[in-house]
Amino acid sequence: MIKKLLGATALSVAMASTAIADTVKIGFVGELSGGGAPAGTQYRDGALLAVDEINAAGGILGKQIEVSLYDTQTDPQTSRALVQKAIDEDAYVVWGTVYSSSTIVNMLVAQQNGVPQIVGAEAPNITQKGNPYVFRTAYGAHRGVPALTGYFRDTLKAKNVAVAWVNNEFGKGGHDVFIKEMAKVGINVTADIPSEAGAADFAADVSRIKEANVDAVFVYLHEEESARFLREAKKQNLQPKLVGEVTLTGQKVIDLAGDAANGAVAHVGLTAEANIESIKEFGAKFEKKYGHKTDHNGIKGYVAAYATKYVTEMNGSFDQEKFAQTMHGLTLDVAKYPGMLLTTSWDQDGELSRESFMVEVVDGKQVVTTTVAAN
Amino acid sequence: MMTKRNMWLLAGLIALILAPLGQGNYVVYTLCSWLIFSMAAMGLNLTLGYAGQISLAQSAFMAIGAYTTALLTLPPAEDGVGGLGLHWLVAMPISVFAAFVVGLIIGFPALRVKGHFLAFVTLAFTTLTFLVLRNEDWLTGGTYGLVGMPRPDFGFFNTGKQLRFYYFTLAVFVVFCLLMWGIIRSPWGRAFKALRENSIRAESLGVDTRRITLLAFAIGSAAGGLAGSLVAPLVQFIEPGSFALVHSLKMLLMVVVGGAGFFFGPVIGAGVVILMPEFLRFTEGYYLMIYAATVIVLIIFCPKGLIGLGEIIRNKLRKDKKVRGDMDKGAQL
Amino acid sequence: MEQFFQVLLSGLATGSIYALAAIGFTLIWQAAQTVNFAQGEFVMLPAFFLLAGMHFLGMPFWMALIFGLLLAVFVLGFLFKRVLVDPLLKHGGLSLIIATMALAILMKESVKEFYSAEAQPFPEIVPNGSWDISGVIVSLTDISHLFISAVIVIGLQLFLNRTRTGRCMQATAQNPGVAEILGVNVKRMVLYTFLINGVLAALASFLITPVYLAKFSNGEYLGLIAFIAAIVGGFNQIRGALAGGLLIGVLDNMTATYITAEYRQAVPLLLLIAVILFRPQGLLGTSEGREA
């Protein structure tokens with residue numbers, strides 16, 4: 001009973017605050033608890049940092065942004081219900097989710113209701129379903145992985161490679177693109193090794209790669225599994241170059257893997273460590289506000305909020321259909337739109353492109369070796 | 001003549017009919033999942049509450065129901081994974097039957113052995129089901145799942161809209177409850193109850209406990225299949241993760257929280273699990289902790305679940321009534 | 001061939017840790033006739049006790065190790081028995097089993113909320129180092145895992161068979177009624193069993209966490225493996241759990257190396273079902289042992 005009363009009070013407080021006129025409502029639907037919480041909370045923190053800045057500067061078209069947070073518990077079915085709830089509660093735009101397995105479910109709801117949705121998910125199929133309302137904040141694996149093809153062929157001069165990937169929505173997307181890319185340039189994939197999400201024991205995986213005698217290994221795992229993989233690779237003295245996309249060289253992986261991470265190389269779309277003024281400045285603001293470092297998901301959230309502001313102000317109204325139309329084929333130049341941090345474009349499918357980086361872990365630090373132009 | 005019990009049931013039904021009116025799509029959707037999970041949990045209640053066996057496979061049976069229904073009702077595809085384009089009315093009985101048969105196949109060996117081996121076998125089965133759904137993508141769409149299952153159209157009544165789908169679910173729920181009521185009151189059902197009250201005595205009275213337990217488990221599995229058959233058109237998207245072990249655990253706790261062995265216990269339990277996060281949203285990440293702790297406290301102090309708790313309170317308030325009589329009636333409800 | 005030995009060694013090393021968890025699981029089964037569905041979380045938690053000792057209480061590593069061990073014995077042994085097992089045993093095994101499922105959720109969520117949702121690095125108990133023996137990398141970690149587990153198991157066997165207390169515990173596990181008549185303090189013996197489970201869980205935790213990294217969800221897989229190992233090996237003795245642990249460790253790695261990575265997890269599960277079907281007393285178990 002007390003719980004119910006408390007719940008009712010919480011609800012009425014929330015309602016009182018929504019009664020204030022001249023606000024625009026945003027539904028943040030993300031992984032605030034459950035397995036995806038590390039990613040979802042970063043996305044949220046990045047977004048809320050931007051919202052504070054935007055509101056302090058007068059909001060969007062004079063309206064203050066009011067964000068309602070919805071926790072998916074990292075469960076796709078719950079996320080579907082919550083996107084519905086956000087839309088029932090008049091969300092103008094939905095931000096999230098970060099996990100592809102959730103996004104692929106809940107984007108149907110936003111599409112049916114004609115509500116623009118800015119997601120942090122990176123699985124290729126999200127922008128391949130002809131959904132005109134979904135937009136990314138980081139490009140999908142089918143854009144990221146091909147950027148590595150040249151590295152395998154020209155820099156490493158690899159003839160045979162192995163791929164270690166996590167067998168879920170995220171990993172399968174990257175794996176399938178990688179296999180296609182390698183076939184295109186005539187590199188043999190001689191060891192193709194899936195593992196479970198949350199896998200802890202990579203002894204067999206590494207030993208198979210060792211046996212396969214390859215020139216390089218493409219590691220497409222989540223952060224924690226990447227760290228375990230790197231440690232096992234070091235233990236078994238695995239020689240070939242380890243190459244990843246986004247996750248392999250992340251700060252979290254370096255913290256967990258220790259010196260086993262040294263020498264790992266990755267192509268990174270967004271990195272908080274990039275030697276670029278705008279990103280460093282954002283990183284400092286983020287750390288000042290929250291007391292911990294940001295990662296690529298924090299940047300995604302920040303960008304989602306600013307994209308919402310810029311697109312709406314371009315339209316001059318809060319028209320959702322027009323929002324989607326404007327954003328297709330749009331390029332936001334960072335010189336004019338500093339909130340984007342990097343110049344960013346969206347194509348007709350909501351897919352994104354911006355410049356990216358090749359990084360290598362040297363002495364426990366991410367070092368940007370080259371910058372890859374936007375594609 | 002209306003008995004007091006029937007009046008309560010009628011009131012409950014009217015409440016369910018009125019509940020979604022004037023509500024947003026989200027609330028209606030949540031009510032739908034409540035009814036669906038109630039059915040799965042009521043099926044599980046047969047196994048747990050009546051036969052006293054732990055099953056951790058209810059989500060796997062939901063998966064069987066959901067994937068069977070999806071593959072039968074999805075339109076045939078030019079490329080990729082497609083279905084047969086059959087009507088839900090055809091797909092549903094096949095799904096239920098499939099779950100029933102698999103239940104028999106799983107339960108038969110597990111129940112040969114005394115002890116809690118059904119718990120282990122069903123646990124293994126749930127994880128195996130997940131792996132098959134994830135790996136055999138030629139049939140199940142693999143990790144990407146299946147999308148776009150049509151909601152049934154009955155000609156005069158198309159359930160495409162959320163509210164209409166709710167009434168469709170409610171109708172299935174009512175029919176399901178009547179069927180379950182019938183089963184509980186049949187000779188089988190009386191054997192279930194005898195089993196629950198005292199399995200040794202039941203055995204000595206000539207009840208083949210092993211067969212009855214197996215039957216309870218298989219019927220419970222079929223209920224899981226029915227729930228799955230409704231999940232497919234409700235969510236219109238299914239993927240292996242939605243039927244992982246953790247969901248079996250969730251349903252098991254629904255039954256325990258509501259009151260194992262009480263007819264409507266699982267409905268209350270499902271309500272707590274599905275609707276409570278709404279009321280406890282302000283607790284943020286602590287929700288699951290509070291929930292788990294509540295379950296433990298409830299098991300220690302009130303093993304009969306929330307329904308049992310209600311009875312304890314009622315008995316405290318009305319000292320004049322005989323405690324035993326009241327308990328018996330509660331068990332029948 | 002190098003690959004075979006490499007994988008065999010890794011499998012044995014991991015399997016020896018599974019065995020520790022499985023033995024504790026077996027002991028609890030014998031003492032309280034219950035299935036502890038939180039056993040995996042019991043292995044997950046002590047690592048966080050140690051981390052908390054180091055990071056919040058500023059202890060040096062060796063002190064945090066002892067702190068973690070003692071706290072684990074107290075919480076997972078004493079408190080678990082007093083708060084959960086004792087009041088529930090009278091309601092029958094079913095309630096207790098379900099309570100341990102809820103306990104597993106509670107422990108996982110608590111660690112996630114109060115410590116961290118992200119994996120944490122964990123200090124190595126054993127120094128790094130390895131030898132290359134004709135192509136097979138033999139790491140100090142693997143060898144010491146095997147060695148430490150062996151010492152623990154032998155020590156436990158000696159304790160149970162050679163000391164008076166140990167024999168009383170065995171008598172209690174086999175038949176509490178008779179043991180009581182013979183003057184054994186049954187309650188105390190059951191408590192000892194729970195304390196020993198706490199010790200085993202803590203040791204398994206400290207050995208495996210440097211490899212697995214400290215994460216709240218570590219127990220999900222470990223718990224599953226522990227009871228598969230216990231059932232496959234045979235429920236009523238320690239050597240059964242030991243053999244089961246090693247077997248699962250090796251089998252898991254061999255499957256992933258030579259047969260299938262997609263269905264890697266399925267192999268122990270199929271083995272479990274096969275054992276329940278054809279040899280419910282376990283590979284090394286004897287059928288005269290008590291049924292639960």
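Note that the coordinates shown come from a computational prediction; the quantities given were computed from them, not determined experimentally. (Residues numbered from 1 in each chain as written. Chains lettered and ligands numbered in written order. Predicted model: local features only at pLDDT ≥ 70, side-chain atom pairs only at ≥ 80, totals over all residues. Heavy atoms only, no water.)

(A) Just the interface of chain A and chain B, in detail. Facing 27 residues of chain A, the contacting portion of chain B comprises 30 residues. Across the interface of chain A and chain B, roughly 2500 Å² is buried in total on both sides, 57% from carbon and sulfur atoms. For Arg-134 of chain B, the salt bridge identified is with Glu-196 of chain A, shortest N-O distance 2.9 Å. Ranked by residues supplied to the side of chain A that touches chain B, first place goes to helix H3 (residues 76–88) of chain A with eight residues. The residue makeup of the side of chain A that touches chain B, split by class, is eight nonpolar, nine polar and 10 charged. (Contact = heavy atoms within 4.5 Å. Buried area = accessible area lost by both parts, 1.4 Å probe. Salt bridge = Lys/Arg side-chain N within 4 Å of Asp/Glu carboxyl O. Helix = DSSP H or I, 4+ residues; strand = E, 2+ residues; numbered from the N terminus. Nonpolar A, V, L, I, M, F, W, Y, C, P; charged D, E, K, R; others polar.)

(B) Quick peek at the pairing of strand S15 (residues 365–372) of chain A. Residues and elements named next belong to chain A. One ladder, built from seven bridges, connects strand S14 (residues 356–362) with S15; its direction is antiparallel. Bridging across to S15, Val-361 finds its partner in Gln-366. Between S14 and the antiparallel strand that follows it, S15, lie two residues; Asp-363 among them carries a positive phi value of about 50°. (Pairing = 2+ DSSP bridges.)

(C) The arrangement of the sheet that holds strand S8 (residues 216–220) of chain A in detail. Residues and elements named next belong to chain A. Spatial ordering of the open sheet is given by S7-S6-S8-S9-S10-S14-S15, a layout of seven strands whose pairing is mixed. Looking at the sheet topology across the chains shown, the edges are occupied by strand S7 (188–195) and S15. Direction aside, neighbouring strands of the sheet carry axes that sit 25° apart on average. Sheet topology places strand S9 (residues 241–245) next to strand S10 (residues 265–268); three bridges connect them, and they run parallel. By the bridge assignment, Gly-244 is partnered in S10 with Ala-266. (Axes fitted to C-alpha atoms, helices over the stretch in contact; angles between N-to-C directions.)

(D) Region of interest: the pairing of strand S6 (residues 160–166) of chain A. All names here are of chain A. Here S6 lies mainly inside the structure; six of its seven residues are buried. Looking at chain direction, S6 and S7 are connected through seven bridges and run parallel. Paired with Val-161 across the two strands is Val-189, which belongs to S7. Read as a crossover between parallel neighbours, the route from S6 over helix H7 (residues 169–184) to S7 is right-handed. (Buried < 20%, exposed > 50% of the residue type's maximum accessible area, 1.4 Å probe, protein only. Right-handed = clockwise from strand over helix to strand, strands pointing away.)

(E) Structural view of the nonpolar core. One finds Ile-54, Met-62, Phe-120, Phe-173 and Ile-238 of chain B together with Phe-37 of chain C to be the most contacted residues of the largest nonpolar core, which totals 222 residues. It is helix H2 (residues 25–50) of chain B that provides the largest number of residues to this core, a total of 17 residues. When residues no more than four places from it in sequence are discounted, the contact partners of Ile-54 of chain B are Leu-48, Leu-118, Ala-119, Thr-122 and Leu-252 of chain B together with Leu-94, Ile-97, Ile-98 and Met-101 of chain C. Grouped together as the second largest cluster of nonpolar side chains are 101 residues, Phe-28, Leu-238, Ala-261 and Val-311 of chain A included. (Core = buried A, V, L, I, M, F, W, Y, C linked by side-chain atoms within 4.5 Å.)

(F) Representation of the pattern of salt bridges within the structure. According to the stated counting rule, one finds 26 salt bridges over all chains in the structure shown. The residue Arg-44 of chain A makes a salt bridge to Asp-45 of chain A at a minimum N-O spacing of 3.1 Å. Taking relative accessible area as the criterion, Asp-45 of chain A reaches 7% and is therefore assigned buried. Each of Lys-172 and Asp-176 of chain A together with Asp-137 of chain B takes part in salt bridges that share partners, so that together they form one network.

(G) A nonpolar patch on the surface, seen in detail. Residues and elements named next belong to chain B. Among the surface-exposed residues, Leu-10, Leu-13, Ile-14, Ile-17, Leu-18, Leu-21 and Leu-163 lie close enough to one another that they form a single nonpolar patch of about 550 Å² accessible area. Considering every element that reaches the nonpolar patch, the biggest residue donor is helix H1 (residues 4–18), with five residues. Here Ile-14 is to be found in helix H1. (Patch = residues over 30% accessible without salt bridge, like charges linked within 9 Å, V, L, I, M, F, W, Y side chains within 5 Å. Areas by Shrake-Rupley, 256 points an atom, 1.4 Å probe, with all protein chains shown as cover.)

(H) View of the sheet that holds strand S12 (residues 344–346) of chain A. All names here are of chain A. Sheet architecture is open: three strands sit in the order S11-S12-S13, paired in antiparallel fashion. Sheet topology places strand S11 (331–332) and strand S13 (352–353) at the edges, where each strand pairs with a single neighbour. Relative to S12, S11 runs antiparallel, the two sharing two bridges. Of the residues in S12, the one forming a bridge with Thr-331 is Ser-345.

(I) Structural context of the interface of chain B and chain C. Listed by partner, the interface residues are 38 residues for chain B and 38 residues for chain C. Taking both partners together, chain B and chain C bury about 3500 Å²; carbon and sulfur atoms supply 83% of that area. Between the two partners, chain B and chain C, sit zero salt bridges. Applying the counting criterion to the chain B and chain C interface returns two residue pairs in polar contact (both at pLDDT 80 or more). Elements represented by at least two residues in the side of chain B that touches chain C include exactly helix H5 (117–135), helix H11 (245–258) and helix H13 (287–301) of chain B. Looking at the side of chain B that touches chain C residue by residue, the class counts come to 28 nonpolar, six polar and four charged. (Polar contact = N/O pair within 3.5 Å; in protein donor to acceptor, adjacent residues only side chain to side chain.)

From the geometry alone we can't say anything about function, so treat these as descriptive.
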